Amino acid sequence: TVWSTKANATTNTTVAALLDKGNLVLRSGSGASNSSNFFWQSYDHPTDTVLQGGKIGWNNSTGLNRRLVSRKNAIDQTPSMYSYELSGHNGDTSSVSMFNSSKQYWSSGDWGGQYFSNIPESVGQKWLSLQFTSNKEEQYVQYAIEDPTVLSRGIMDVSGQMKVLLWFEGSSQDWQAVYTVPKSQCDVHATCGPFTVCSDVPSPSCSCMKGYSIWSPQDWELGDRSAGCARNTPLYCNSNSSGVGGETDKFYPMTSVQLPVSELNVVRATTADECSLACLGSCSCTAYSYDQGACSIWHDKLLNVRQQGNSVLHLRLAAK
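Residues numbered from 1 in each chain as written. Predicted model: local features only at pLDDT ≥ 70, side-chain atom pairs only at ≥ 80, totals over all residues. Heavy atoms only, no water.

Under the annotation held in an unreviewed UniProt entry, the chain carries the name non-specific serine/threonine protein kinase and is attributed to Aegilops tauschii subsp. strangulata. Recorded in UniProt under Subcellular location (unreviewed entry), the annotation for the chain is "Membrane". (UniProt positions renumbered as here; feature names shortened; annotations may be inferred.)

When you look at the pattern of salt bridges in this model, what are you seeing that I'm missing?
Two side chains with opposite charge may pair up if their charged atoms get near one another. Tallying each qualifying case throughout the model produces 10 salt bridges. One salt bridge connects Asp44 with Arg66, and the closest N-O pair in it is separated by 2.8 Å. Note that Asp44 is positioned in the loop between β3 (38-41) and β4 (49-50) and Arg66 in strand β6 (residues 65-66), a separation of 22 residues in sequence. The same class applies to Asp44 as to Arg66, namely buried. Lys72 serves as the salt-bridge partner of Asp224, at 2.8 Å between the closest nitrogen and oxygen. Separated by 152 residues along the polypeptide, Asp224 in the loop between α1 (217-221) and β19 (229-231) and Lys72 in the loop between β7 (68-71) and β8 (79-87) bring together distant segments of the chain. (Salt bridge = Lys/Arg side-chain N within 4 Å of Asp/Glu carboxyl O. Helix = DSSP H or I, 4+ residues; strand = E, 2+ residues; numbered from the N terminus. Buried < 20%, exposed > 50% of the residue type's maximum accessible area, 1.4 Å probe, protein only.)

What is the right way to read the side chain of Ser282 from this model?
Tracing the chain through its elements places Ser282 in the loop between α2 (272-280) and β22 (285-291). When neighbours within four sequence positions are excluded, Ser282 is seen to be in contact with His299 and Arg316. (Contact = heavy atoms within 4.5 Å.)

Where do I start with the state of the cysteines in this structure?
Chemically, a disulfide is nothing more than a covalent bond linking the sulfur atoms of two cysteines. The full count for this structure, using the stated rule, is 5 disulfides. Bridging Cys208 to Cys229, the disulfide has an S-S length of 2.0 Å. The chirality of the disulfide connecting Cys208 with Cys229 is left-handed, given an S-S dihedral of about -80°. Highlighted residues: Cys208 in strand β17 (residues 206-208) and Cys229 in strand β19, separated in sequence by 21 residues. Owing to a relative accessible area of 3%, Cys229 belongs among the buried residues under this scheme. Across a sulfur-sulfur distance of 2.0 Å, Cys275 and Cys295 are joined as a disulfide pair. Across the disulfide from Cys275 to Cys295, rotation about the S-S bond amounts to roughly 85°, and the bridge is consequently right-handed. Placement of Cys275 in helix α2 and of Cys295 in strand β23 (residues 294-299) is noted, with a sequence separation of 20 residues between them. In this pair, the class of Cys275 matches that of Cys295, namely buried. (Disulfide = S-S within 2.5 Å.)

Please explain the domain arrangement of the chain as it appears in this structure.
Segmenting the chain into domains produces domain 1 (1-42), domain 2 (46-168 + 175-181) and domain 3 (187-238 + 247-318). Between the C-alpha centres of domain 2 and domain 3 there is a distance of 33 Å. In this assembly, 13 residues from domain 2 lie in contact with 10 residues from domain 3. Interface area, domain 2 with domain 3, both sides summed: about 920 Å², of which 63% is carbon and sulfur. (Domains from an automatic or database assignment. Buried area = accessible area lost by both parts, 1.4 Å probe.)

Is there a simple way to think about the sheet that holds β4 in this case?
In a beta sheet, neighbouring strands are held together by backbone hydrogen bonds and run either parallel or antiparallel to one another. Spatially, β4-β13-β14-β15 is the arrangement adopted by the 4 strands of the open sheet, whose pairing is antiparallel. Strands at the two margins of the open sheet, each flanked by one partner only, are β4 and β15 (174-181). (Pairing = 2+ DSSP bridges.)

What is the right way to read α2 from this model?
Because the α-helix completes a turn every 3.6 residues, residues three or four places apart line up on one side. Those residues of α2 lying buried are Cys275, Ser276, Cys279 and Leu280. The arc that holds every buried residue of α2, seen down its axis, measures 140°, which confines them to one face. Facing away from the buried side of α2 by over 90 degrees, the exposed positions are Asp273 and Leu277. (Arc of directions from axis to C-beta.)

Would you mind showing me how to read the packing of aromatic side chains here?
Centre-to-centre distance and the angle between the planes together describe a pair of aromatic rings. Throughout the structure, instances matching the rule amount to 10 aromatic pairs. Look at Trp111 and Phe116: their rings are 4.9 Å apart centre to centre, the planes differ by 65°, and that puts the pair in the edge-to-face class. On the basis of relative accessibility, which here comes to 1%, the residue Phe116 falls in the buried class. Positioned above the aromatic ring of Tyr140 is the side chain of Lys55, whose terminal nitrogen or guanidinium carbon lies 4.5 Å from the ring centre. The positively charged end of Arg153 is found above the aromatic ring belonging to Trp175, 4.5 Å away from the centroid. (Phe/Tyr/Trp six-rings, centres within 6.5 Å; stacked < 30°, edge-to-face > 60°. Lys NZ or Arg CZ within 6 Å of the ring centre and 35° of its normal.)

Whenever I open this one, the sheet that holds strand β10 (residues 103-107) confuses me. Can you help?
Strand order in this open sheet of 4 strands is β7-β8-β9-β10, and the pairing throughout is antiparallel. Looking along the sheet, the strands with just one partner apiece sit at the ends: β7 and β10. Direction aside, the axes of adjacent strands within the sheet are offset by 25° on average. The pairing of β8 with strand β9 (residues 94-99) spans 6 bridges and is antiparallel. Residue pairing in the sheet places Tyr82 in a bridge with Phe99 of β9. (Axes fitted to C-alpha atoms, helices over the stretch in contact; angles between N-to-C directions.)

Next comes the structure, spelled out in structure tokens:
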């Protein structure tokens with residue numbers, strides 16, 4: 001056995017049925033086919049996809065938490081790092097996107113009775129609406145398409161964006177995204193992996209920093225960029241920053257960027273040269289930034305560098 005519903009069936013007349021809305025259920029073979037007779041249903045385990053009628057949220061009675069979890073890449077169904085879920089079990093409720101179940105990088109804002117505060121455009125839309133339900137038994141959010149004959153699905157994409165897709169007949173014969181959050185790919189935490197630069201230009205949105213190359217081109221092509229880029233030449237790492245023949249590591253200025261959100265240290269330095277020496281003095285330092293007397297240095301992986309900002313990041317590279 002490689003998979004089981006682990007359902008607690010209380011009858012010997014159990015049947016499996018694929019309902020018209022796409023819900024695969026295990027239910028009693030006798031009696032009405034309503035949810036009270038379901039021993040198990042796929043709507044309670046949505047993986048990376050939810051269909052119209054499916055719920056994202058909690059069942060207060062059973063403790064079940066329905067959430068979307070991205071897959072590893074375009075062909076590997078292994079659960080990955082991004083999730084879309086309901087937040088605020090004991091207070092104000094919002095739908096959020098999470099990285100590794102710990103880092104929130106997008107929120108719908110709180111439900112105000114008609115819409116979530118950060119997506120007021122969902123009100124009055126004829127093609128798509130978001131509905132939130134809260135009662136003693138459940139708290140959940142659903143999407144609804146006005147035309148029930150249109151095929152649709154909501155997914156937590158490999159990219160970390162939650163999307164609602166519609167199937168368009170005719171010449172296109174393809175799925176088209178009609179709702180995407182966050183709207184910018186670069187707003188997704190670690191979307192390009194370490195030592196990369198994200199740009200809002202649609203394609204390519206991720207590129208390696210100078211002196212780095214794609215760690216796994218195969219995964220990259222399949223949409224999994226979590227490994228990011230790897231250094232082409234190892235650093236000459238020495239605490240006294242003195243290399244053979246007087247050579248040391250050097251710095252490459254990356255201009256007009258948004259600085260990394262990964263952990264940084266602020267050190268004392270009165271000049272840019274002092275700041276660069278502080279970085280060279282640590283084997284793990286990978287970059288620094290000096291601005292108006294403030295010296296910031298970053299260690300190890302650099303994440304979420306964005307080609308849209310007014311800062312200069314000095315990237316540490318090997319002398320040769």
